[in-house]
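One-letter residues, chain by chain:
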2 protein chains.
Amino acid sequence: MNEFSLIKTYFNSIRHQRVDVIFGIGDDAACLHVPNDMDLLVSTDTLVAGVHFLSDWDPYAIASRALLVNISDMAAMAAEPCWVTLALTLPTFDESWLKRFSAGLSDTLQAYNIALVGGDTTRGPLSITLTIHGVCPKGQAIRRSGAKVGDTVYVSGLLGASALAVSFLDDKTLDEDSRRVLMDNLLFPKPRVDLKHYLRQHATAAIDVSDGLSADLNHILESSHVGACIDLEKIPVHPLVLAYKKENAIEFALNGGDDYELCFTMSNEHEPIGLGCYPIGRITEEGGLHAKTLIGDSVPIQARGYCHF
Amino acid sequence: MNEFSLIKTYFNSIRHQRVDVIFGIGDDAACLHVPNDMDLLVSTDTLVAGVHFLSDWDPYAIASRALLVNISDMAAMAAEPCWVTLALTLPTFDESWLKRFSAGLSDTLQAYNIALVGGDTTRGPLSITLTIHGVCPKGQAIRRSGAKVGDTVYVSGLLGASALAVSFLDDKTLDEDSRRVLMDNLLFPKPRVDLKHYLRQHATAAIDVSDGLSADLNHILESSHVGACIDLEKIPVHPLVLAYKKENAIEFALNGGDDYELCFTMSNEHEPIGLGCYPIGRITEEGGLHAKTLIGDSVPIQARGYCHF
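Report follows, based on the coordinates. All residue numbers refer to position in the chain's written sequence, counted from 1. Numbering of ligands from 1 and lettering of chains from A proceed in the order in which they are written. Where totals are concerned, whole chains, interfaces and linings use all residues; where local detail is concerned, this predicted model gives features only for residues with pLDDT of at least 70, and gives and counts side-chain atom pairs only at 80 or more.

**Notes on the overall build of chain A**
Numbering of helices and strands runs from the N terminus; a helix is a DSSP stretch of H or I covering at least four residues, while a strand is a stretch of E covering at least two. A count of helices and strands for chain A gives 9 helices and 13 strands. For chain A, whose C-alpha radius of gyration is 20 Å, the value lies close to the compact-globule estimate of 19 Å for 309 residues. Each of the three principal axes of chain A carries a C-alpha extent, and together these read 70 × 55 × 35 Å. To assign burial, the other C-beta atoms lying within 10 Å of each residue's own C-beta are counted, with C-beta atoms placed from the backbone; 20 or more indicates buried, 12 or fewer indicates exposed, and intermediate counts indicate partly exposed. Within chain A, the proportion of its 309 residues that are buried is 54%. Any residue pair is listed as a contact if its two C-beta atoms, each placed from the backbone, are within 7 Å. Contacts in chain A between residues at least 24 apart in sequence constitute 86% of all its contacts with a sequence separation of at least 6. As a reference, a globule follows 2.2 Å times the number of residues to the power 0.38, and the radius of gyration itself is taken over C-alpha atoms.

**A closer look at the interface of chain A and chain B**
Counting from both sides, the interface comprises 55 residues of chain A and, opposite them, 55 residues of chain B. Tallying contributions element by element places strand 3 (residues 38-48) of chain A first for the side of chain A that touches chain B, with 9 residues. Taken together, the residues of the side of chain A that touches chain B sort by class into 25 nonpolar, 19 polar and 11 charged. We call two strands paired when DSSP finds no fewer than two bridges between them. Pairing between strand 3 of chain A and strand 2 (residues 30-32) of chain B: 3 bridges, direction antiparallel. The nonpolar class holds Ala, Val, Leu, Ile, Met, Phe, Trp, Tyr, Cys and Pro. Asp, Glu, Lys and Arg form the charged class, and all remaining residues, Gly among them, are polar.

**Thoughts on the relation of the copies chain A and chain B**
Once chain A has been moved 0.0 Å along the axis and rotated by 180°, it coincides with chain B to within an RMSD of 0.0 Å. Taken together, these values place the two copies in the relation of a two-fold axis. Relative to the rotation axis, the C-alpha of A:Asn36 is the closest in chain A, positioned 2.7 Å from it. Of the interface residues in chain A, 100% have counterparts in chain B that sit at the interface too, so the contact is made through matching surfaces. To superpose the copies, least squares is applied to the C-alpha atoms of every residue with a pLDDT of at least 70 in both.

**Structural notes on the nonpolar core**
If you look at the biggest cluster of nonpolar residues, it comprises 201 residues, and the most contacted ones within it are A:Leu41 and B:Leu41. The residues contacting A:Leu41, other than those within four sequence positions of it, are A:Met74, A:Met77, A:Ala79, A:His133, A:Gly134, A:Val135, A:Cys136, A:Ala141, B:Ala29, B:Ala30 and B:Cys31. What we call a nonpolar core is a set of buried Ala, Val, Leu, Ile, Met, Phe, Trp, Tyr and Cys residues whose membership is set by joining through C-beta atoms within 7 Å.

**Remarks on unusual backbone geometry**
Residue and element names in this part refer to chain B. Its identity is not glycine, yet His-225 carries a phi of approximately 55°, on the positive side. Among the structural elements, His-225 can be located in the loop between helix 7 (213-224) and strand 9 (227-230). What makes His-225 exposed here is the crowd of 11 C-beta atoms within 10 Å. Despite not being glycine, Tyr-260 shows a phi value in the positive range, around 60°.

**Brief notes about the packing of helix 2 (residues 59-76) of chain B against helix 3 (residues 95-111) of chain B**
Residue and element names in this part refer to chain B. Every angle, taken between N-to-C directions, lies between 0 and 180 degrees, and every axis is a line fitted to C-alpha atoms, over only the stretch in contact when it is a helix. At a closest axis distance of 7 Å, the pairing of helix 2 and helix 3 adopts a crossing angle of 35°. For the crossing formed where helix 2 meets helix 3, the hand is right-handed. The segment helix 2 lies against helix 3, with Pro-59, Tyr-60, Ala-61, Ile-62, Ala-63, Ser-64, Leu-67 and Leu-68 engaging Trp-97, Arg-100, Phe-101, Ala-103, Gly-104, Leu-105, Thr-108 and Leu-109. In terms of residue class, the contact of helix 2 with helix 3 is made up of 12 nonpolar, 3 polar and 1 charged. The hand of a helix crossing depends on one turn: near helix anticlockwise from the far one by less than a right angle means left-handed, and clockwise means right-handed.

**Section: the sheet that holds strand 7 (residues 152-155) of chain B**
Residue and element names in this part refer to chain B. One open sheet accounts for 7 strands, arranged 8-10-7-11-9-12-13; its pairing is mixed. Only two strands of the sheet have a single partner each, and these edge strands are strand 8 (203-208) and strand 13 (298-300). For this sheet the average axis-to-axis angle between neighbouring strands, irrespective of direction, equals 30°. Across 4 bridges, strand 9 lies against strand 12 (residues 288-292) in parallel orientation. The residue of strand 12 that forms the bridge with Ala-228 is Leu-289. Against the sheet, helix 2 contacts strand 8 and strand 10 (262-266), and its axis sits at roughly 170° relative to strand 8.

Function cannot be read off these values alone, since they describe shape.
So, in structure tokens, the structure goes:
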């Protein structure tokens, strides 16, 4: 079975389609319809074996996670994800691996109503590059650069569990229930596309927490030319982080990546009620990231995220 | 210098922009404007070191070629290339390598009026995935599936030189002038975007010759549910192939990849005059690819292209 039949068998069988796909896989390019009143949003992410995931993970999870991480970029822009292309580099042709991988891809595409519209399969060290495309009403995409002095800083959910999962990967003493919760958090993050309407209406800036809260919030601060003072006590730490690493809980929540919640800013007139979002601090005129101490003054926080080099 | 400053320094400095880029690099996604009367075309291609190029090639050429190969997919659809995202995986941080790579990327983007709108840089074995986006007037993109019985089969230029270049990579006896021409052909292919208006008006099917004429024409035949009979004498073989490999010239032109000319089909009422295109045969009702022999009957040709597995 050669490259062409390989692609045909596994990826052409992914059936989830959308009416805005004029034609997808099978030509030199896919042809897509972007509605007149919409902007097109495009983002690309690579996941390399040994860096972003382990080769021995279930291929179902590898595919799902790769796609979920890309969907999160659309969520961060308040866009609706629509189409994705897959560039898959494989060391060998392994039919059972491909079967599981395409099942994970297919289920996640269907769950988020996204069509796979193109791909390229090459031989080489295992890596996955997805390019995701979404749409957003003209001018309503949320950028990193819009945070204003006085805005409240929010995070959309619990932080730290994925970093904790990574720290426990080789630790066999962890109890099974906790491991399941943590690995689910790491392998199947839940991109917050559900917040898109709310963000479009009210958010001044947004980003997804992929590298860690301090690093990602810092991107907002730099793009917006502002600072922030956050209240460490208000960071929503995942309960398992408190259970297993109480002494490093803030470290996990502040600098641990891979949670794929959103961090966003909003004027005080609006409060996200019933959306499970947590106010953690305020945008300041003074640059940089600071933490409020118990006695009221503030100390600088070093933004530390995952660094590839 | 960490990942973020690395990306900033080299890729944010690529200045070529387009008015249809609402915003590009620096957010979780780029925001783009697709005109109302246009379809969006998307294609993705991965180039892996050791498979599609050699690690010791000039990074300027590696970047240029990666982009040119992607532009060729737009040319094959008769689309205008507009935007590209780059996913670059690098084994180490090598500043002089990155400098040359981004220079090659920048020059090629400018030459074809394409904006770099996003990217991801990761650590791992050297590989490049580009996702290119183009536009085409609604309904005018040329597919592989439209070839009709009786149509003439054309190729847009000389074939075989890139395969010859690959066969001479380690051969030091080749004279310098010939080597320069061949390596130019391999490293800096010329995607035929110049044919887009003509193809939109007249072509019934098109593909770019990336894997080899026989394999790529075969994709058209399978998608269109037709066959073709080609006249081997009429295949435009590159003169250096005739000079160096006269006995295998047809083999090079028929099965050698990487030339990035177009193969297209057109009704006989139209003839591409003055465009440097060569008629090489005819679409037949009988399936498969055949060659006309000197005595008038036809023999089947095995479609053989580059196979990754």
